[in-house]
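Working through the structure, step by step
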Amino acid sequence: MGAHSKGAARAGAARAVGTVRAEGGAPGRDRYFDTLRALALVRVVAYHAFGWPWAGLVLPSMGIMFGLAGTLMARSLRRPAGAVLRSRLRRLLPPLWCWGLFVMGAMLVRGWMPGWQIVYWVVPLGDPPGSAWGEQAWEILWYLRTYLWFVLLSPLLLRVFRLAPVPVLLLSLAPIAVLQFLWQPPDDRFGAGLLDLATYFFCWVLGFAHRDGVLGRLKPVAVVALSLAALVCGAWYAFAHRAEYGTYDLDDIPFAQAFWSAGFVTLLMYSKARLGIDFSGLVRLRRLDRLVTVFNARAVTVYLWHELALVLAVPLTDRLWDVPAFAAHLPLESQWFLLGVGWVLIAVFVLLFGWVEDVAARKRPRLLP
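The structure displayed is predicted, hence computed values, not measured ones.

**Remarks on empty space enclosed by the protein**
Computed from the structure, the largest cavity encloses a volume of approximately 40 Å³. Taken together, Pro95, Cys98, Thr301, Leu304, Trp305, Phe353, Val356 and Glu357 make up the lining of the largest cavity. Every element with two or more residues in the lining of the largest cavity is listed here: α5 (81-109), α16 (299-320) and α19 (355-360). It is α16 that provides the largest number of residues to the lining of the largest cavity, a total of three residues. Partitioned by chemical class, the residues of the lining of the largest cavity number six nonpolar, one polar and one charged.

**Remarks on the nonpolar core**
Core analysis: the biggest nonpolar cluster contains 109 residues, and Phe66, Trp99, Trp121, Tyr143 and Trp204 have the highest contact counts within it. Considering each element in turn, this core owes the most residues, twelve residues, to helix α10 (residues 189-211). For Trp204, the contacting residues outside a window of four places in its chain are Phe66, Ala69, Gly70, Met73, Tyr147, Phe150, Val151 and Ser154.

**Remarks on the packing of helix α4 (residues 61-76) against α10**
It is the contact of α4 with α10, at a shortest axis distance of 7 Å, that shows an interaxial angle of 40 degrees. In terms of their interaxial angle, α4 and α10 are classed as oblique. Taken as a pair, α4 and α10 cross one another with a handedness that is right-handed. In this structure, α4 uses Met62, Gly63, Phe66, Gly67, Ala69, Gly70, Thr71, Met73, Ala74 and Arg75 to contact α10, whose residues at the interface are Tyr200, Cys203, Trp204, Gly207, Phe208, His210 and Arg211. Classifying every residue of the contact of α4 with α10 gives nine nonpolar, six polar and two charged.

**Things to note about unusual backbone geometry**
Negative phi characterises most residues that are not glycine, and trans characterises most peptide bonds. The phi angle at Arg362 is positive, at roughly 60 degrees, despite the residue not being glycine. Along the polypeptide, Arg362 turns up in the segment after α19.

**Overview of the side chain of Asp34**
Relative to the helices and strands, Asp34 resides in helix α2 (residues 31-50). The buried category is assigned to Asp34, whose relative accessible area is 1%. Separated by 3.2 Å, the side chains of Asp34 and Arg37 make a polar contact. Apart from residues no more than four positions distant in its own chain, Asp34 is found in contact with Arg29, Val292 and Asn296.

**A look at the packing of aromatic side chains**
Summed over all chains, the structure comprises 33 aromatic pairs. Ring centres of Trp142 and Tyr200 lie 6.1 Å apart, and the angle between their planes is 25 degrees; this geometry places the pair in the stacked category. One end of the pair, Trp142, is in helix α7 (residues 142-163); the other, Tyr200, is in helix α10, and 58 residues separate them in sequence. A centroid spacing of 6.0 Å and a plane angle of 70 degrees characterise the contact between Trp236 and Tyr237, whose relative ring orientation is edge-to-face. Judged by relative accessible area, Trp236 falls into the exposed class, the value being 53%. We classify Tyr237 as buried; its relative accessible area is 3%. Through pairs of rings, three or more aromatic residues link up here, namely Phe66, Trp142, Tyr143, Tyr147, Phe150, Tyr200, Trp204 and Tyr303.

**What to know about α16**
Counted at 1.5 Å a residue, the expected span for α16 with its 22 residues is 32 Å, and the 30 Å between its end C-alpha atoms agrees. Where α16 bends most, the angle comes to about 40 degrees, and this point is Trp305.

**Comments concerning the environment of Phe239**
Checked against the element boundaries, Phe239 lands in helix α12 (residues 220-240). Considered as a pair, Phe239 and Asp249 are ten residues apart in the sequence and their alpha carbons are 9.0 Å apart. If near-sequence neighbours (up to four positions away) are discounted, Phe239 is found in contact with Leu57 and Tyr248.

**Some details on the pattern of salt bridges**
Within the structure shown, the criterion is met by nine salt bridges. For Lys272, the salt bridge goes to Asp30, with nearest N and O atoms at 2.7 Å. Remark: Asp30 occurs in the loop between α1 (7-11) and α2 and Lys272 occurs in helix α14 (residues 254-275); sequence separation between them is 242 residues. Judged by relative accessible area, Asp30 falls into the partly exposed class, the value being 23%. The partner of Asp127 in a salt bridge is Arg145, and the shortest N-O contact between them spans 2.8 Å. Taken together, the residues Asp127 in the loop between α5 and α6 (135-138) and Arg145 in helix α7 connect sequence positions 18 residues apart.

**Looking at the confidence of the model for the chain**
In the predicted model, the chain carries a mean pLDDT of 90, and 92% of its residues have values of at least 70. In this model residues 1-27 is a low-confidence stretch, pLDDT under 50, and it forms 114 contacts with partners more than four residues away in sequence or in other chains.

**Structural notes on the state of the cysteines**
In the structure shown here, the tally under the stated rule is zero disulfides. Summary of cysteine pairing: Cys203 is not part of a disulfide, and the nearest cysteine sulfur, belonging to Cys233, is at 14 Å. Accessibility expressed as a relative area gives 0% for Cys203, which makes it buried.

**A short note on the environment of Phe50**
Structurally, Phe50 is set in helix α2. Distance from Phe50 to Trp336, taken between C-alpha atoms, is 8.6 Å for residues 286 residues apart in sequence.

**Considerations on the packing of helix α9 (residues 174-181) against α14**
Packing of α9 against α14 leaves a shortest axis separation of 9 Å and a crossing angle of 160 degrees. Put simply, α9 runs roughly antiparallel to α14. Along this stretch, α9 crosses α14, giving a crossing that reads as left-handed. Residues Ile176, Ala177, Gln180 and Phe181 of α9 pack against Pro254, Phe255, Ala258 and Phe259 of α14. By residue class, the composition of the contact of α9 with α14 is seven nonpolar, one polar and no charged.

Here is what the cut-offs are and how they apply
- Residues numbered from 1 in each chain as written.
- Predicted model: local features only at pLDDT ≥ 70, side-chain atom pairs only at ≥ 80, totals over all residues.
- Heavy atoms only, no water.
- 1 Å grid on protein atoms, 1.4 Å probe; cavity = no way out; pocket = protein on both sides within 12 Å on 5 of 7 lines; lining within 4 Å.
- Points joined across faces, edges and corners; volume = space filled by probe spheres on them.
- Helix = DSSP H or I, 4+ residues; strand = E, 2+ residues; numbered from the N terminus.
- Nonpolar A, V, L, I, M, F, W, Y, C, P; charged D, E, K, R; others polar.
- Core = buried A, V, L, I, M, F, W, Y, C linked by side-chain atoms within 4.5 Å.
- Buried < 20%, exposed > 50% of the residue type's maximum accessible area, 1.4 Å probe, protein only.
- Contact = heavy atoms within 4.5 Å.
- Axes fitted to C-alpha atoms, helices over the stretch in contact; angles between N-to-C directions.
- Parallel < 35°, antiparallel > 145°, perpendicular 65-115°, else oblique.
- Left-handed = near helix turned anticlockwise from the far one by under 90°.
- Polar contact = N/O pair within 3.5 Å; in protein donor to acceptor, adjacent residues only side chain to side chain.
- Phe/Tyr/Trp six-rings, centres within 6.5 Å; stacked < 30°, edge-to-face > 60°.
- Expected span 1.5 Å × (residues − 1).
- Bend = angle between axes of the 7 residues up to and from the residue.
- Salt bridge = Lys/Arg side-chain N within 4 Å of Asp/Glu carboxyl O.
- pLDDT = per-residue confidence, 0-100.
- Disulfide = S-S within 2.5 Å.

This is the structure we're talking about:
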């Protein structure tokens, strides 16, 4: 979310895509990471429903999702880079196109007319254009754009990382410091993309460190001390500059987001690397395990469609007031009820369009994995 999903648009309706996506149900899945991804998605939806400024402090969803995606990318790059990049693009773009047909169609009906920038709706190397009316739906695409650039840069980044793993990992927080204190990026697509890349650069490289075993070899005292220092730095900056930004919401403060996410995600991944946490016992809780599987197999669908679900939940809930029994007995004025309606609509969208992820992954289409 970096610097773009701001104010009421985000509060009424933020970032994990492979993508944050995973091949749910595939053999050898790590249930610890799968559970983190599912929780991150749930937090994203809740944040967009309630707009809680403290949500990012409790669980920095986008940092987690970029960290997990970096791990998956490092694993995939055991294969030729060209094949990996084609696979990632194939898995990401069809769900985007399917969703984009509805969003662009709605904006066109309401008088929106794009210029040449419409190419970013085909391949989101920059922020796709959109109308102010549809902003609540399309603003989330910053995540796909950032993810795509990380994927494209990963073959080179992984080579550089393996030359000097620990120094590169530590220095991966330098870009956000440069953009915060030394050079202000331009207020355009390039600047926005650069800022988001810098914000989550550490988390992506941390995924490399976990996958290559570098993280697990580090001494606990050093990892915990540096992680806590990063957490303190991120929290301090957010609260110390609350008046400047008008909030302590990490999504509006990239520097604080970068450091808080770095400390938080490092502790999560280091716990996995050192303690071998795998959540394998989750399989005994069949319904919960099934839910985690569905979230991972439909991560892109959930992410793309959740804002539309929350938007549509408002008029749908308003219509329920016209039924006296519902008005008398249902908590229609509650934001929690609205969130519940949103989740029902998300489930509908998953059933209607989730199969596109199967097609993109060259699997047999299914209503649910």
